[in-house]
Amino acid sequence: VRALPVLDAHAERRVEPRSVRLSLTDRCDLACVYCRPNKRDGYCEETLDLAAFTALLQGLYAGGVRRVRLTGGEPLLSPIVVDAVRALHEVGFDDVALTTNGTRLAKLAAPLHAAGLMRVNVSLDTLDPERFARLTRGGRLSTVLAGIEAMATLPFAETKLNVVVVRGENEDELEALTRFAWDRGMTPRFLEIMGVGEGARIPHKLVPYAEQRATLSGLLEADHGAKDVDRGPARYVRARPEHGPHRIGFITGTTDTYCDGCDRLRVAADGTLRPCLATNDGVAAGAEAARGDLAGVRARLAEAWTAKPDGVTFRGCTEPSAREVSIRSIGG
Ligand code: SAM
């Protein structure tokens, strides 16, 4: 195993931790084929409670982190999710966002909005109930559609539809999913399957960005797409004017990586700080969080950040280390 290239290039680029993806739970009620092998693949024993999560996030805020996204696992399975959103809002984060599979959104969209949630991404790969059940190993599409309709009635600052494009499953639905999203005020985003965990075992299911883009060319301007300033890895391409003021996002975690300039870390449900999605490296900060030791959390953050791969020579989710990572466990 070669040593990961860390910090030197990083220090030159002066990238500081600014954004965190937080797993309140590693549990999920679905088992998407590119994410986990089955529903019995094991959960972590101990997860932090609300007070410890809050202290941990206060420590990260003190260390310069300004944006937080709840993910997982399925964050809406956590009994503390609404209280956690309220707590994050009170800590003062500029951005409090959520990524969800939507199965519990019908009930939770309104309380989450009232608690201060600003932006929501819903993951949905197909509008066909049978395909949905197959891709998620047993999920019911109607629950997610009800969640999206409930969310769409609320004035969230931004909502997106995340679609992982899977060869032989949904590459014929890209236009229908785009129109579904646009009709509900959502921005669709199409993701390549990344070679992380189960995704690494199905490389033949990859539909490269260039092919996704060609499929959607009738809807899109011929520009190269721009990144959202200060946000995640997607590139956004404008719709042709006749389709209205819409956009489509693309996330190319496999044919192109976007690690250069990454300011993101992850917090697993047990309080481990994970500097990179593509490695299993991490620094435990759960004990400091549980005793409310914010300086201790900052010290663990600094330690975790030195283990962040340089993002230039290290090619993220295309590296062999990514195969050993469970996205569900560390916060996808
Ligand atoms: N349960 C939530 C959900 O489904 O959105 C949050 C966690 S899930 C791991 C976060 C995102 O990661 C989802 O949009 C999912 O489709 C995506 N994802 C999981 N495995 C992936 C892979 N191998 N390649 C690309 N995206 C993946």
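Details of the structure are given in the entry above.
Rules used in this analysis
- Residues numbered from 1 in each chain as written.
- Predicted model: local features only at pLDDT ≥ 70, side-chain atom pairs only at ≥ 80, totals over all residues.
- Heavy atoms only, no water.
- Helix = DSSP H or I, 4+ residues; strand = E, 2+ residues; numbered from the N terminus.
- Rg over C-alpha atoms; globule rule 2.2 N^0.38 Å.
- Buried < 20%, exposed > 50% of the residue type's maximum accessible area, 1.4 Å probe, protein only.
- Lys, Arg positive; Asp, Glu negative; His and termini not counted.
- Charge placed at Lys NZ, Arg CZ, Asp CG, Glu CD.
- Phe/Tyr/Trp six-rings, centres within 6.5 Å; stacked < 30°, edge-to-face > 60°.
- Lys NZ or Arg CZ within 6 Å of the ring centre and 35° of its normal.
- Axes fitted to C-alpha atoms, helices over the stretch in contact; angles between N-to-C directions.
- Left-handed = near helix turned anticlockwise from the far one by under 90°.
- Contact = heavy atoms within 4.5 Å.
- Nonpolar A, V, L, I, M, F, W, Y, C, P; charged D, E, K, R; others polar.
- Parallel < 35°, antiparallel > 145°, perpendicular 65-115°, else oblique.

Visitor: Which parts of the structure should I look at to understand the overall build of the chain?
Guide: When helices and strands are tallied, the chain shows eleven helices and twelve strands. The C-alpha radius of gyration of the chain comes to 19 Å, within 12% of the 20 Å expected for a compact globule of 332 residues. Sorting the 332 residues of the chain into buried and exposed places 53% on the buried side. When the 44 basic and 44 acidic side-chain charges of the chain are each reduced to a single mean position, those positions are 0 Å apart.

Visitor: Sorry if this is basic, but what is going on with the packing of aromatic side chains here?
Guide: When we look at a pair of aromatic rings, we describe it by the centre distance and by the angle of the planes. According to the stated counting rule, one finds three aromatic pairs in the structure shown. Taken together, a centroid distance of 5.3 Å and an interplanar angle of 90 degrees make the contact between Tyr61 and Phe93 edge-to-face. Here Phe93 lies in the loop between α3 (81-91) and β3 (95-100) and Tyr61 lies in helix α2 (residues 50-62), a separation of 32 residues in the sequence. The buried category is assigned to Phe93, whose relative accessible area is 4%. Consider the rings of Tyr209 and Phe250, whose centres lie 5.1 Å apart with planes at 75 degrees: the pair is edge-to-face. Here Tyr209, found in helix α8 (residues 209-215), pairs with Phe250, found in strand β9 (residues 247-251); they are 41 residues apart in sequence, far enough to count as distant. Residue classification places Phe250 among the buried residues on the basis of a relative accessible area of 2%. Members of the aromatic cluster, each reached through a chain of ring pairs, are Phe190, Tyr209 and Phe250. The cationic tip of Arg66 hangs over the ring face of Tyr61; the distance from NZ or CZ to the ring centre is 3.8 Å.

Visitor: What should I look at first to understand the packing of α2 against helix α10 (residues 294-306) in this one?
Guide: Packed helices, taken two at a time, are described by the angle between their axes plus the distance between the axes. Between α2 and α10, the shortest axis-to-axis distance is 8 Å and the interhelical angle comes to 65 degrees. Judged by the twist between their axes, the crossing of α2 over α10 is right-handed. From α2, Ala55, Leu56, Gln58, Gly59, Leu60 and Ala62 reach across to α10, where they touch Leu294, Val297, Arg298 and Leu301. Across the contact of α2 with α10, the residue classes tally to seven nonpolar, two polar and one charged.

Visitor: I tried to follow unusual backbone geometry on my own but got confused; where do I start?
Guide: For the peptide bond that leads from Gly72 to Gly73, omega is 25 degrees, which places it in the cis range. Secondary-structure assignment places Gly73 in the loop between β2 (67-71) and α3. The phi dihedral of Arg137 is positive, around 55 degrees, even though this residue is not glycine. Tracing the backbone through its elements, the reader meets Arg137 in the loop between α5 (129-136) and α6 (141-152).

Visitor: Looking at this model, I keep getting lost on the packing of helix α4 (residues 105-115) against α6. Mind explaining?
Guide: Across the interface, α4 lies against α6 with an axial gap of 7 Å and an inter-helix angle of 20 degrees. Our classification of the angle between α4 and α6 gives roughly parallel. The interaxial crossing formed by α4 with α6 has right-handed handedness. Only Ala146, Gly147, Ala150 and Met151 of α6 make contact with α4, whose side of the interface consists of Leu105, Ala106 and Ala109. Counted by class, the contact of α4 with α6 contains six nonpolar, one polar and no charged residues.

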